[in-house]
Each structure stands twice: as C-alpha cells, then as structure tokens.
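# Residue-level structural notes
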Amino acid sequence: MVQPISSSNIDPTSGTGDVKTAIAVKMFQEMQKSQEIAGSIIQDTAEISQEAMDACKAEGC
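The structure displayed is predicted, hence computed values, not measured ones. (Residues numbered from 1 in each chain as written. Predicted model: local features only at pLDDT ≥ 70, side-chain atom pairs only at ≥ 80, totals over all residues. Heavy atoms only, no water.)

## Regarding the overall build of the chain
Operational definition: We count a stretch as a helix when DSSP gives it H or I for four or more residues in a row; a strand needs E for two or more, and each element gets its number in order from the N terminus. When a residue's accessible area, from a 1.4 Å probe over protein chains only, is under 20% of the maximum for its type it is buried; when over 50% it is exposed; and in between it is partly exposed. What sets the accessible areas is the Shrake-Rupley method with a 1.4 Å probe; for residues, cover comes only from the shown protein chains.
For the chain, the helix and strand inventory stands at 1 helix and 0 strands. Of all 61 residues assigned to the chain, the portion counted as buried reaches 7%. Here the chain displays about 5200 Å² of accessible surface, and carbon together with sulfur accounts for 60% of that area.

As structure tokens, then:
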C-alpha cells in the first residue's frame, strides 16, 4: 500500500529544487494511480449493478 505524503514525515517544501521536483512527480503519480483505481471501482460497480438489474428483469422482479 502506498503511504500518502501527507501522513509521512516528508516536508515537500524542503530540500533542493531537484528534491521538490521529485516529490511533486511522486505525488502526481500517486494521485493518478488513486484516480485510476477509483475509476476502475466505479466501472466495476456499474457493470455489476447492470448485471444484477438484467438478472432481476429476467426473473420478473
């Protein structure tokens, strides 16, 4: 599991420009991964709901 920067002891405003850039890139990558996971969960939920609705309609609910 990825530890969020906010819960770590890393100060993203400290260090050299290279360190700040590296931290910013890492935070951006983690944000992208989180959004991809959330999107996947939402899509899976929609598909499962549609399958359940189709099954219910087929049974005459």
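Back to the text.
## Notes on the state of the cysteines
When the sulfur atoms of two cysteines share a covalent bond, that bond is a disulfide. Definition in use: By disulfide we mean two sulfur atoms from cysteines, separated by a distance within 2.5 Å.
Here the structure, examined in full by the defined rule, presents 1 disulfide. Between cysteine 56 and cysteine 61 runs a disulfide, and the two sulfur atoms are separated by 2.4 Å. Note on cysteine 61: relative accessible area 69%, which makes it exposed.

## What to know about a negative patch on the surface
Cut-off, in case you're wondering: Like charges are joined within 9 Å and nonpolar side chains (Val, Leu, Ile, Met, Phe, Trp, Tyr) within 5 Å, but only among residues with over 30% relative accessible area and no salt bridge; these make up the patches. Should a side-chain nitrogen of Lys or Arg be within 4 Å of a carboxyl oxygen of Asp or Glu, the pair is scored as a salt bridge. In this tally Asp and Glu are treated as negative and Lys and Arg as positive; neither His nor the chain ends contributes. Note on charges: their place is set at NZ of Lys, CZ of Arg, CG of Asp or CD of Glu.
Taken together, Asp44, Glu47, Glu51 and Asp54 make up a surface patch of like negative charges. By the secondary structure assignment, aspartate 54 is in helix α1 (residues 17-59). Given a relative accessible area of 41%, aspartate 54 falls into the partly exposed group.

## Observations regarding α1
For clarity, the threshold we go by: An expected span of 1.5 Å times one less than the residue number is assigned to each helix.
With 43 residues, α1 extends 63 Å from end C-alpha to end C-alpha; this agrees with the ideal 63 Å at 1.5 Å per step. Phi turns positive, to about 85°, at glycine 60, one or two residues after α1.

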